[in-house]
Amino acid sequence: MNTTCPNCGTDGLEKVYEISDIPTHSCLLMETREEALSFPTGDLVLGWCGSCGHASNMVFDISMNAYSTKYEEVQTFSPVFSGFQSELIDRLIEKHGVREKQVVEIGCGKGEFLLELCDRGNNTGVGIDPSFVPGRGDWNSQGRCRFINEIYSAERHSDIPADLVVCRHTLEHIYPTHEFIQTVRKTIGDNLGTLVFLEIPDQQRVYTERAFWDIYYEHCSYFTQGALERLFLSCGFEVLSSWKGFGDQYLLIEARPLPEGQAPTFRVQEDLEEIQAIVKSFAEDAPRVVRGWQERFKSWHRDGKRVVIWGAGSKGVAFLTTIGVGDELGHAVDINPHKHGYFMPGTGHEVVSPESLVQYAPDVVLVMNGIYEDEIRRQLAGMGLEPQLISV
Ligand SMILES: [Zn+2]
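The shown structure was predicted, so the numbers you read here are calculated from the model rather than taken from an experiment. (Residues numbered from 1 in each chain as written. Predicted model: local features only at pLDDT ≥ 70, side-chain atom pairs only at ≥ 80, totals over all residues. Heavy atoms only, no water.)

(A) A look at the coordination of the zinc ion. Looking at the metal site, the zinc ion is ligated by C5 (SG), C8 (SG), C49 (SG) and C52 (SG), spaced 2.3 Å from it. Around the zinc ion sit 4 donor atoms; with metal-centred angles ranging over 104 to 113°, the donor geometry is tetrahedral. Sequence spacing of the donors to the zinc ion: C-x2-C-x40-C-x2-C. Remark: C52 occurs in the loop between β2 (41-48) and β3 (55-57) and C5 occurs in the segment before β1 (14-23); sequence separation between them is 47 residues. On the accessibility criterion, C5 (3% relative accessible area) is buried. (Donors = N, O, S within 2.8 Å, 3.2 Å for Na, K, Ca; no water. Tetrahedral: all angles 85-135°; square planar, octahedral: opposite > 155°, others 65-115°. Helix = DSSP H or I, 4+ residues; strand = E, 2+ residues; numbered from the N terminus. Buried < 20%, exposed > 50% of the residue type's maximum accessible area, 1.4 Å probe, protein only.)

Listed below in structure tokens is the structure:
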């Protein structure tokens, strides 16, 4: 067990939460139920660092990583999500003048953010991600964007020039976070005009809302606002802005490299004492919340209720595997058509389209992210369905 914080190097992480035998990936497409049920599992022991506020999986095994083109994480089929993404692009173009610039995106997924940013700002882009799949979407910028199907590495990709480095929902998948941000700083070198924009989930909300479905194997690193700011300041950056977005679910940060030897002036969120208390109450209360869900599923099953979850991504996988749901659940619904007909790692539930619910007629729909509740209610009503909707 690694008790040293990978975010600041302090020894003596405090164990706050533990789950065993969980699937090591949540977004890989499983072609058969058997493949999904026999998917490799690992353990997660969440260790909190009292020095920087970061938390990590102390038993994370990087050799379990299997990111590939079978990794399907796209969320932009939701108008709520794509609207949020477009607002971020507005901000980069309007506030930071990202026009006719060179953009590098580390962990670009299927490239939809980079392509839109390059389309609207007439920028040139390089996206790096082992899960990139060509030919999705219809963007004018496709000819100005190049994609590299690899995991980002200093050796192979540090010579790509960048006016803007984007990194969204990637750092939480990286265990040595300090080493990673330090590498980004090194590759920028003397190009002090380079802007770095990074986005990740906010773990303070997870603790406060007892959102155990947001803790899973793929995420080996968990940040609060202060932990993220401390990381950037300790790696030779000045923080320009640090805020929360998407219904306060995400942390967003903009930073610029500092010349060597120059100290940052940004004042960090002094949240350690507050976070420590929240972490403690999460550790005490999370098992009770999990048991509560187990009881609800039992009672629905007893009453013959047809129950589905809406959202077959990581939250859905973690929700079902942590509670230990089997036949009590009918299906997992997702609006991403690339997921339909595949099976969820761990529990083996089939991922179906929203339209298939017309036939299934569920009594209960569990919404895996409350921010989509209105969008989902409208879609269900459009199909003549009015099941009980519960946001977890
Ligand atoms: Zn630390």
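(B) Just the packing of aromatic side chains, in detail. Taken as a whole and assessed by the stated rule, the structure comprises 22 aromatic pairs. On the numbers, 5.9 Å between centres and 75° between planes, the contact of Y152 with F180 is edge-to-face. With Y152 in the loop between β6 (145-148) and α4 (154-157) and F180 in helix α5 (residues 177-188), this residue pair connects regions lying 28 residues apart in the sequence. Judged by relative accessible area, Y152 falls into the buried class, the value being 14%. Considering the side-chain rings of F212 and W213, the 5.0 Å spacing of their centres and the 75° angle between planes classify their relative orientation as edge-to-face. The class of F212 is buried, set by a relative accessible area of 0%. Here W213 falls in the buried class, since its relative accessible area comes to 5%. A network of ring pairs unites the aromatic residues F212, W213, W293, F297, W300 and F319 as a single cluster. The aromatic ring of W293 is capped on one face by R296, whose charged end is 4.5 Å from the ring centroid. (Phe/Tyr/Trp six-rings, centres within 6.5 Å; stacked < 30°, edge-to-face > 60°. Lys NZ or Arg CZ within 6 Å of the ring centre and 35° of its normal.)

(C) Highlighting empty space enclosed by the protein. Scanning the model with the defined rule gives 3 cavities of 30 Å³ or more in all. In this structure, the largest cavity encloses a volume near 50 Å³. Around the largest cavity, the lining residues are S26, C27, L28, L29, A312, K339, Y342, F343, M344, P345 and V351. Broken down by class, the residue content of the lining of the largest cavity amounts to 9 nonpolar, 1 polar and 1 charged. (1 Å grid on protein atoms, 1.4 Å probe; cavity = no way out; pocket = protein on both sides within 12 Å on 5 of 7 lines; lining within 4 Å. Points joined across faces, edges and corners; volume = space filled by probe spheres on them. Nonpolar A, V, L, I, M, F, W, Y, C, P; charged D, E, K, R; others polar.)

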